[in-house]
Amino acid sequence: MIWLSVVAFIVAALAAGFIVRWMHSHASVYGNGMPQRFHLGDVPRLGGAALLLGIGCSWGLGVLQSTHWGDPGSLKLGAWVGGWLVALLPAALGGIAEDMTQRLSVRYRLSLTGASGALAVILLDLTLPRMGWPWLDSLLAAAPWLGVAVVVLAVAGLPHAFNIIDGYNGLAGMVALIVCLALAHVALQVGDRALAALLVSTAAATGGFLVWNYPRGMLFAGDGGAYVWGGVIALASISLVQRNADVSPWFPMLLLIYPVWETIFSIYRKTVRGVSPGVADALHFHQLIYRRIVRGVFHDDESRRVLMRNNRTSPYLWGFTLLTVVPAVLFWSNTPLLMAFCGLFVISYVMAYLAIVRFKVPNWLRH
(Lines give C-alpha, C1' and ligand atoms only; values in the text may rest on other atoms or scores of the structure.)
Protein backbone atom coordinates (compact mmCIF):
# COMPACT_ATOMS: atom_id res chain seq x y z
CA MET A 1 0.00 0.00 0.00
CA ILE A 2 2.88 2.37 0.80
CA TRP A 3 4.56 1.57 -2.51
CA LEU A 4 1.37 2.33 -4.44
CA SER A 5 1.05 5.64 -2.59
CA VAL A 6 4.62 6.61 -3.46
CA VAL A 7 3.96 5.88 -7.13
CA ALA A 8 0.72 7.91 -7.08
CA PHE A 9 2.45 10.87 -5.41
CA ILE A 10 5.46 10.91 -7.74
CA VAL A 11 3.47 10.44 -10.96
CA ALA A 12 0.93 13.12 -10.03
CA ALA A 13 3.63 15.57 -8.92
CA LEU A 14 5.70 15.05 -12.08
CA ALA A 15 2.66 15.28 -14.35
CA ALA A 16 1.58 18.47 -12.56
CA GLY A 17 5.06 19.93 -12.99
CA PHE A 18 4.96 19.11 -16.70
CA ILE A 19 1.58 20.87 -17.02
CA VAL A 20 2.86 23.95 -15.18
CA ARG A 21 5.92 24.13 -17.42
CA TRP A 22 4.55 23.21 -20.83
CA MET A 23 0.73 23.34 -20.89
CA HIS A 24 -0.24 26.71 -19.49
CA SER A 25 -1.34 28.38 -22.74
CA HIS A 26 -4.95 27.18 -22.37
CA ALA A 27 -5.34 29.18 -19.13
CA SER A 28 -5.95 32.39 -21.09
CA VAL A 29 -9.45 31.17 -22.05
CA TYR A 30 -10.55 31.56 -18.41
CA GLY A 31 -11.76 35.16 -18.43
CA ASN A 32 -10.84 37.80 -15.87
CA GLY A 33 -14.53 38.56 -15.33
CA MET A 34 -15.39 35.15 -13.87
CA PRO A 35 -17.09 35.60 -10.44
CA GLN A 36 -15.11 32.67 -9.01
CA ARG A 37 -11.76 34.19 -9.97
CA PHE A 38 -9.66 35.19 -6.95
CA HIS A 39 -6.17 35.23 -8.49
CA LEU A 40 -4.15 37.26 -10.95
CA GLY A 41 -2.52 35.93 -14.08
CA ASP A 42 -3.17 32.86 -16.21
CA VAL A 43 -2.87 29.68 -14.14
CA PRO A 44 -3.28 26.19 -15.71
CA ARG A 45 -6.45 24.37 -14.63
CA LEU A 46 -5.40 20.86 -15.65
CA GLY A 47 -4.63 19.49 -12.21
CA GLY A 48 -7.34 16.89 -12.82
CA ALA A 49 -5.25 15.35 -15.60
CA ALA A 50 -2.30 14.94 -13.22
CA LEU A 51 -4.57 13.41 -10.58
CA LEU A 52 -6.12 10.97 -13.04
CA LEU A 53 -2.70 9.89 -14.31
CA GLY A 54 -1.31 9.38 -10.81
CA ILE A 55 -4.36 7.42 -9.68
CA GLY A 56 -4.47 5.33 -12.85
CA CYS A 57 -0.80 4.35 -12.65
CA SER A 58 -1.03 3.49 -8.96
CA TRP A 59 -4.21 1.44 -9.29
CA GLY A 60 -2.87 -0.35 -12.37
CA LEU A 61 0.31 -1.22 -10.52
CA GLY A 62 -1.77 -2.51 -7.62
CA VAL A 63 -3.72 -4.83 -9.94
CA LEU A 64 -0.47 -6.18 -11.42
CA GLN A 65 0.93 -6.69 -7.93
CA SER A 66 -2.15 -8.63 -6.83
CA THR A 67 -2.61 -10.75 -9.97
CA HIS A 68 0.93 -11.41 -11.19
CA TRP A 69 3.40 -10.72 -8.37
CA GLY A 70 1.97 -12.81 -5.54
CA ASP A 71 -0.03 -10.02 -3.86
CA PRO A 72 2.55 -9.35 -1.10
CA GLY A 73 0.32 -6.69 0.48
CA SER A 74 -2.80 -8.91 0.52
CA LEU A 75 -4.72 -6.15 -1.24
CA LYS A 76 -6.76 -8.42 -3.54
CA LEU A 77 -7.03 -5.84 -6.29
CA GLY A 78 -8.50 -7.40 -9.41
CA ALA A 79 -10.23 -6.57 -12.67
CA TRP A 80 -12.95 -4.70 -10.76
CA VAL A 81 -10.47 -1.83 -10.32
CA GLY A 82 -10.65 -1.37 -14.09
CA GLY A 83 -14.39 -0.94 -13.66
CA TRP A 84 -13.73 1.92 -11.25
CA LEU A 85 -11.50 3.64 -13.80
CA VAL A 86 -13.99 3.17 -16.62
CA ALA A 87 -16.77 4.57 -14.44
CA LEU A 88 -14.64 7.63 -13.61
CA LEU A 89 -13.66 8.44 -17.19
CA PRO A 90 -16.84 10.17 -18.48
CA ALA A 91 -16.89 12.64 -15.58
CA ALA A 92 -13.12 13.16 -15.44
CA LEU A 93 -12.61 13.61 -19.18
CA GLY A 94 -15.63 15.89 -19.41
CA GLY A 95 -14.21 18.07 -16.62
CA ILE A 96 -10.79 18.21 -18.27
CA ALA A 97 -12.40 19.15 -21.60
CA GLU A 98 -14.25 21.99 -19.86
CA ASP A 99 -11.00 23.19 -18.27
CA MET A 100 -9.35 23.36 -21.68
CA THR A 101 -12.19 24.95 -23.64
CA GLN A 102 -14.64 26.59 -21.18
CA ARG A 103 -17.38 25.57 -23.60
CA LEU A 104 -19.17 22.64 -21.96
CA SER A 105 -22.51 23.66 -20.48
CA VAL A 106 -23.55 22.69 -16.97
CA ARG A 107 -26.24 20.41 -18.37
CA TYR A 108 -23.71 18.55 -20.53
CA ARG A 109 -21.28 18.10 -17.64
CA LEU A 110 -24.09 16.88 -15.39
CA SER A 111 -25.03 14.30 -18.01
CA LEU A 112 -21.41 13.07 -18.08
CA THR A 113 -21.26 12.66 -14.31
CA GLY A 114 -24.64 10.92 -14.53
CA ALA A 115 -23.11 8.55 -17.09
CA SER A 116 -20.37 7.77 -14.55
CA GLY A 117 -23.09 6.96 -12.02
CA ALA A 118 -24.84 4.64 -14.47
CA LEU A 119 -21.56 2.89 -15.28
CA ALA A 120 -20.91 2.43 -11.55
CA VAL A 121 -24.22 0.58 -11.26
CA ILE A 122 -23.71 -1.49 -14.42
CA LEU A 123 -20.02 -2.38 -14.07
CA LEU A 124 -19.62 -2.49 -10.28
CA ASP A 125 -23.14 -3.54 -9.26
CA LEU A 126 -23.22 -0.73 -6.72
CA THR A 127 -26.33 -0.05 -4.69
CA LEU A 128 -27.20 1.42 -1.31
CA PRO A 129 -28.31 -1.56 0.82
CA ARG A 130 -29.55 0.37 3.87
CA MET A 131 -30.19 3.86 5.23
CA GLY A 132 -29.88 3.26 8.96
CA TRP A 133 -33.62 3.68 9.70
CA PRO A 134 -35.72 0.49 9.88
CA TRP A 135 -38.61 1.91 7.82
CA LEU A 136 -36.23 3.24 5.16
CA ASP A 137 -34.37 -0.07 5.09
CA SER A 138 -37.69 -1.85 4.54
CA LEU A 139 -38.48 0.55 1.71
CA LEU A 140 -35.10 -0.14 0.07
CA ALA A 141 -35.70 -3.87 0.39
CA ALA A 142 -39.14 -3.54 -1.21
CA ALA A 143 -37.92 -1.18 -3.96
CA PRO A 144 -34.25 -1.96 -4.77
CA TRP A 145 -34.28 0.60 -7.58
CA LEU A 146 -34.21 3.33 -4.91
CA GLY A 147 -30.76 2.17 -3.79
CA VAL A 148 -29.60 2.26 -7.41
CA ALA A 149 -31.04 5.76 -7.83
CA VAL A 150 -29.13 6.97 -4.75
CA VAL A 151 -25.89 5.60 -6.25
CA VAL A 152 -26.44 7.42 -9.54
CA LEU A 153 -27.35 10.62 -7.70
CA ALA A 154 -24.28 10.39 -5.45
CA VAL A 155 -21.81 9.71 -8.26
CA ALA A 156 -23.44 12.37 -10.45
CA GLY A 157 -23.73 15.01 -7.73
CA LEU A 158 -20.64 14.76 -5.54
CA PRO A 159 -18.21 15.82 -8.30
CA HIS A 160 -20.17 19.05 -8.69
CA ALA A 161 -20.20 19.52 -4.91
CA PHE A 162 -16.40 19.38 -4.88
CA ASN A 163 -16.34 21.76 -7.83
CA ILE A 164 -18.37 24.28 -5.83
CA ILE A 165 -15.94 24.31 -2.89
CA ASP A 166 -12.90 24.41 -5.20
CA GLY A 167 -12.40 28.15 -4.90
CA TYR A 168 -9.05 28.76 -3.21
CA ASN A 169 -5.60 27.22 -3.16
CA GLY A 170 -5.57 23.98 -1.21
CA LEU A 171 -9.26 24.06 -0.24
CA ALA A 172 -10.90 21.24 -2.21
CA GLY A 173 -7.61 19.31 -2.43
CA MET A 174 -7.10 19.20 1.32
CA VAL A 175 -10.76 18.38 1.96
CA ALA A 176 -10.50 15.49 -0.52
CA LEU A 177 -7.26 14.28 1.08
CA ILE A 178 -8.76 14.35 4.59
CA VAL A 179 -11.92 12.54 3.49
CA CYS A 180 -9.94 9.86 1.60
CA LEU A 181 -7.76 9.15 4.63
CA ALA A 182 -10.80 9.01 6.92
CA LEU A 183 -12.53 6.52 4.60
CA ALA A 184 -9.30 4.50 4.36
CA HIS A 185 -8.99 4.41 8.16
CA VAL A 186 -12.46 2.92 8.59
CA ALA A 187 -11.89 0.54 5.66
CA LEU A 188 -8.82 -0.80 7.48
CA GLN A 189 -10.84 -1.04 10.70
CA VAL A 190 -13.26 -3.44 9.00
CA GLY A 191 -10.51 -5.31 7.11
CA ASP A 192 -11.21 -3.92 3.63
CA ARG A 193 -7.60 -3.48 2.54
CA ALA A 194 -8.43 -3.27 -1.17
CA LEU A 195 -10.66 -0.24 -0.72
CA ALA A 196 -8.17 1.34 1.67
CA ALA A 197 -5.40 0.95 -0.93
CA LEU A 198 -7.42 2.79 -3.58
CA LEU A 199 -8.23 5.60 -1.17
CA VAL A 200 -4.69 6.02 0.16
CA SER A 201 -3.41 6.12 -3.42
CA THR A 202 -5.94 8.82 -4.25
CA ALA A 203 -4.84 10.80 -1.19
CA ALA A 204 -1.21 10.44 -2.27
CA ALA A 205 -1.96 11.64 -5.80
CA THR A 206 -3.76 14.59 -4.25
CA GLY A 207 -0.64 15.32 -2.23
CA GLY A 208 1.39 15.36 -5.44
CA PHE A 209 -1.02 17.90 -6.90
CA LEU A 210 -0.92 20.04 -3.74
CA VAL A 211 2.86 20.44 -4.14
CA TRP A 212 2.06 22.81 -7.01
CA ASN A 213 -1.27 24.15 -5.74
CA TYR A 214 -0.63 25.21 -2.15
CA PRO A 215 0.67 27.69 -1.24
CA ARG A 216 2.19 28.77 -4.55
CA GLY A 217 -0.99 28.53 -6.64
CA MET A 218 0.88 27.45 -9.77
CA LEU A 219 -1.76 24.87 -10.79
CA PHE A 220 -5.50 24.54 -10.18
CA ALA A 221 -7.51 21.31 -10.05
CA GLY A 222 -10.20 22.69 -12.32
CA ASP A 223 -13.44 20.87 -13.05
CA GLY A 224 -11.47 17.74 -13.94
CA GLY A 225 -9.82 17.54 -10.53
CA ALA A 226 -13.08 18.14 -8.68
CA TYR A 227 -14.79 15.45 -10.74
CA VAL A 228 -12.00 12.94 -10.06
CA TRP A 229 -12.18 13.58 -6.32
CA GLY A 230 -15.96 13.50 -6.23
CA GLY A 231 -16.17 10.37 -8.35
CA VAL A 232 -13.60 8.36 -6.40
CA ILE A 233 -14.98 9.39 -3.02
CA ALA A 234 -18.58 8.66 -4.07
CA LEU A 235 -17.64 5.18 -5.34
CA ALA A 236 -15.59 4.48 -2.22
CA SER A 237 -18.29 5.69 0.19
CA ILE A 238 -20.99 3.52 -1.36
CA SER A 239 -18.67 0.52 -1.69
CA LEU A 240 -17.62 0.79 1.96
CA VAL A 241 -21.23 0.73 3.15
CA GLN A 242 -22.28 -2.00 0.70
CA ARG A 243 -19.36 -4.32 1.45
CA ASN A 244 -19.25 -3.84 5.23
CA ALA A 245 -22.45 -4.14 7.25
CA ASP A 246 -20.83 -2.63 10.36
CA VAL A 247 -20.32 0.75 8.68
CA SER A 248 -23.22 3.15 9.07
CA PRO A 249 -24.45 4.76 5.84
CA TRP A 250 -24.38 8.04 7.74
CA PHE A 251 -20.60 7.80 8.22
CA PRO A 252 -19.75 8.98 4.66
CA MET A 253 -22.66 11.40 4.86
CA LEU A 254 -21.13 13.16 7.86
CA LEU A 255 -17.68 13.07 6.25
CA LEU A 256 -19.04 14.84 3.18
CA ILE A 257 -21.65 17.04 4.79
CA TYR A 258 -19.66 20.23 4.08
CA PRO A 259 -19.57 19.99 0.25
CA VAL A 260 -22.99 18.32 0.14
CA TRP A 261 -24.71 20.96 2.27
CA GLU A 262 -22.85 23.77 0.49
CA THR A 263 -24.39 22.49 -2.75
CA ILE A 264 -27.91 22.11 -1.32
CA PHE A 265 -27.79 25.54 0.34
CA SER A 266 -26.47 27.15 -2.85
CA ILE A 267 -29.32 25.66 -4.88
CA TYR A 268 -31.84 26.93 -2.32
CA ARG A 269 -30.20 30.37 -2.15
CA LYS A 270 -30.23 30.84 -5.93
CA THR A 271 -33.73 29.45 -6.39
CA VAL A 272 -35.16 31.86 -3.81
CA ARG A 273 -33.54 34.74 -5.72
CA GLY A 274 -34.97 33.49 -9.00
CA VAL A 275 -31.55 32.53 -10.38
CA SER A 276 -30.74 29.26 -12.09
CA PRO A 277 -28.68 26.95 -9.81
CA GLY A 278 -26.25 26.50 -12.71
CA VAL A 279 -25.27 30.18 -12.74
CA ALA A 280 -21.98 30.84 -10.93
CA ASP A 281 -21.81 33.52 -8.26
CA ALA A 282 -19.49 34.71 -5.50
CA LEU A 283 -21.71 34.09 -2.48
CA HIS A 284 -20.51 30.67 -1.40
CA PHE A 285 -19.39 30.19 2.20
CA HIS A 286 -15.67 30.13 1.35
CA GLN A 287 -16.01 33.28 -0.75
CA LEU A 288 -17.66 35.14 2.12
CA ILE A 289 -14.81 34.09 4.40
CA TYR A 290 -12.32 35.47 1.87
CA ARG A 291 -14.14 38.79 1.62
CA ARG A 292 -15.29 39.42 5.17
CA ILE A 293 -13.08 37.45 7.56
CA VAL A 294 -9.63 37.18 6.00
CA ARG A 295 -7.95 40.54 6.45
CA GLY A 296 -6.22 42.30 3.59
CA VAL A 297 -2.50 41.69 3.09
CA PHE A 298 -0.08 44.56 2.53
CA HIS A 299 2.51 43.91 -0.16
CA ASP A 300 3.92 46.00 -2.99
CA ASP A 301 3.28 43.26 -5.56
CA GLU A 302 -0.47 43.02 -6.24
CA SER A 303 -0.31 39.40 -7.46
CA ARG A 304 1.62 38.43 -4.34
CA ARG A 305 -0.92 40.24 -2.18
CA VAL A 306 -3.85 38.40 -3.76
CA LEU A 307 -2.03 35.06 -3.48
CA MET A 308 -1.27 35.53 0.23
CA ARG A 309 -4.87 36.44 1.02
CA ASN A 310 -6.08 33.49 -1.08
CA ASN A 311 -3.87 31.12 0.91
CA ARG A 312 -5.19 32.39 4.24
CA THR A 313 -8.76 31.43 3.35
CA SER A 314 -8.42 27.66 3.06
CA PRO A 315 -7.32 26.90 6.66
CA TYR A 316 -10.66 28.22 7.95
CA LEU A 317 -12.47 25.61 5.84
CA TRP A 318 -9.99 22.85 6.74
CA GLY A 319 -10.89 23.42 10.37
CA PHE A 320 -14.58 23.48 9.49
CA THR A 321 -14.17 20.12 7.73
CA LEU A 322 -12.36 18.55 10.68
CA LEU A 323 -15.33 19.41 12.89
CA THR A 324 -17.27 16.75 10.98
CA VAL A 325 -14.45 14.34 10.10
CA VAL A 326 -13.34 13.76 13.69
CA PRO A 327 -16.75 12.66 15.05
CA ALA A 328 -17.37 10.65 11.87
CA VAL A 329 -14.17 8.65 12.37
CA LEU A 330 -14.82 8.21 16.09
CA PHE A 331 -18.43 7.03 15.71
CA TRP A 332 -18.47 5.43 12.25
CA SER A 333 -20.88 2.66 13.31
CA ASN A 334 -23.25 4.73 15.48
CA THR A 335 -26.06 5.87 13.18
CA PRO A 336 -28.09 8.02 15.65
CA LEU A 337 -24.99 9.94 16.74
CA LEU A 338 -23.81 10.46 13.16
CA MET A 339 -27.23 11.79 12.19
CA ALA A 340 -27.18 14.16 15.16
CA PHE A 341 -23.80 15.54 14.10
CA CYS A 342 -25.11 16.04 10.55
CA GLY A 343 -27.98 18.09 11.94
CA LEU A 344 -25.62 20.04 14.17
CA PHE A 345 -23.41 20.89 11.20
CA VAL A 346 -26.35 22.14 9.14
CA ILE A 347 -27.47 24.42 11.97
CA SER A 348 -23.90 25.66 12.56
CA TYR A 349 -23.38 26.34 8.87
CA VAL A 350 -26.55 28.40 8.51
CA MET A 351 -25.79 30.37 11.67
CA ALA A 352 -22.21 31.04 10.54
CA TYR A 353 -23.34 32.05 7.04
CA LEU A 354 -25.92 34.50 8.42
CA ALA A 355 -23.41 35.91 10.89
CA ILE A 356 -20.92 36.62 8.10
CA VAL A 357 -23.59 38.16 5.85
CA ARG A 358 -24.74 40.42 8.70
CA PHE A 359 -21.17 41.43 9.66
CA LYS A 360 -21.47 39.84 13.10
CA VAL A 361 -18.17 37.93 13.05
CA PRO A 362 -16.13 37.95 16.30
CA ASN A 363 -12.84 39.84 16.04
CA TRP A 364 -10.83 36.82 17.14
CA LEU A 365 -11.87 35.01 13.94
CA ARG A 366 -10.41 37.70 11.70
CA HIS A 367 -6.94 36.95 10.38
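The model shown is predicted, which means the values in this text are computed figures rather than measured ones.

Quick notes on the packing of aromatic side chains
Think of a pair of aromatic rings as described by two things: how far the centres are apart, and how the planes are tilted against each other in angle. What the rule picks out here adds up to 17 aromatic pairs. Look at Trp261 and Phe265: their rings are 6.4 Å apart centre to centre, the planes differ by 40 degrees, and that puts the pair in the tilted class. In this pair, Trp261 and Phe265 both sit in helix H11 (residues 257–272), 4 residues apart, roughly one turn of the helix. Classification of Trp261 as buried rests on a relative accessible area of 18%. On the basis of relative accessibility, which here comes to 12%, the residue Phe265 falls in the buried class. Measuring from centroid to centroid gives 5.0 Å for Phe285 and Tyr349, while their planes differ by 40 degrees, and the two rings are tilted. You can see Phe285 sitting in helix H12 (residues 285–292) and its partner Tyr349 sitting in helix H14 (residues 335–357), a full 64 residues away along the chain. Phe285 gets classed as buried once you look at its relative accessible area, which sits at 4%. Residue Tyr349 is classed as buried on the basis of its relative accessible area of 0%. Grouped by ring-pair contacts, the aromatic residues Tyr258, Trp261, Phe265, Tyr268, Phe285, Phe320, Phe345, Tyr349 and Tyr353 constitute a single cluster. Sitting over the ring of Trp22, Arg21 keeps its end group 4.2 Å from the ring centre.

Details of the environment of Arg269
Along the polypeptide, Arg269 turns up in helix H11. Its relative accessible area of 9% is what places Arg269 among the buried residues. Between the alpha carbons of Arg269 and His284 there is a distance of 9.7 Å; along the sequence they are 15 residues apart. Non-local contacts of Arg269, meaning those with residues more than four positions away in its chain, are made with Asp281, Leu283, His284 and Tyr353.

Some points on the nonpolar core
Grouped together as the largest cluster of nonpolar side chains are 106 residues, with contacts concentrated most on Phe162, Leu183, Ile233, Phe251 and Leu255. Counting residues per element, this core draws most heavily on helix H7 (residues 171–189), which supplies 13 residues. Setting aside residues no more than four positions away along its own chain, Leu255 makes contact with Val179, Ala182, Leu183, Thr324, Val325 and Ala328.

Side note on the pattern of salt bridges
Within the structure shown, the criterion is met by 6 salt bridges. Arg243 is the salt-bridge partner of Asp192, the closest N and O atoms lying 2.8 Å from each other. Of the two residues, Asp192 is situated in the loop between H7 and helix H8 (193–213) and Arg243 in helix H9 (residues 222–243); the sequence distance between them amounts to 51 residues. Arg243 gets classed as partly exposed once you look at its relative accessible area, which sits at 40%. One connected set of salt bridges, linked through shared partners, spans Arg45, Asp99, Arg109 and Asp223.

Here's the deal with the packing of H12 against H14
Interaxial distance between H12 and H14 falls to 10 Å at its minimum, and their mutual angle equals 35 degrees. As H12 runs across H14, the sense of the crossing is left-handed. Contacts from Phe285, Leu288, Ile289 and Arg292 of H12 reach H14 at Tyr349, Ala352, Tyr353, Ile356 and Val357. Of the residues contributing to the contact of H12 with H14, the split by class is 8 nonpolar, no polar and 1 charged.

Details of unusual backbone geometry
Cis geometry is found at the peptide bond from Tyr214 to Pro215, where omega equals 5 degrees. Relative to the helices and strands, Pro215 is located in the loop between H8 and H9. The phi torsion at Asp71 lies on the positive side, around 50 degrees, for a residue other than glycine. Despite not being glycine, Gln102 shows a phi value in the positive range, around 60 degrees. Its location among the elements puts Gln102 in the loop between helix H3 (80–101) and helix H4 (106–124).

As for the confidence of the model for the chain
Residues at a pLDDT of 70 or more form 91% of the chain, whose mean pLDDT is 89. Note that residues 35–39 has pLDDT below 50 and, in this model, 22 contacts with residues that lie over four places away or in other chains.

Thresholds, definitions, all that
- Residues numbered from 1 in each chain as written.
- Predicted model: local features only at pLDDT ≥ 70, side-chain atom pairs only at ≥ 80, totals over all residues.
- Heavy atoms only, no water.
- Phe/Tyr/Trp six-rings, centres within 6.5 Å; stacked < 30°, edge-to-face > 60°.
- Helix = DSSP H or I, 4+ residues; strand = E, 2+ residues; numbered from the N terminus.
- Buried < 20%, exposed > 50% of the residue type's maximum accessible area, 1.4 Å probe, protein only.
- Lys NZ or Arg CZ within 6 Å of the ring centre and 35° of its normal.
- Contact = heavy atoms within 4.5 Å.
- Core = buried A, V, L, I, M, F, W, Y, C linked by side-chain atoms within 4.5 Å.
- Salt bridge = Lys/Arg side-chain N within 4 Å of Asp/Glu carboxyl O.
- Axes fitted to C-alpha atoms, helices over the stretch in contact; angles between N-to-C directions.
- Left-handed = near helix turned anticlockwise from the far one by under 90°.
- Nonpolar A, V, L, I, M, F, W, Y, C, P; charged D, E, K, R; others polar.
- pLDDT = per-residue confidence, 0-100.

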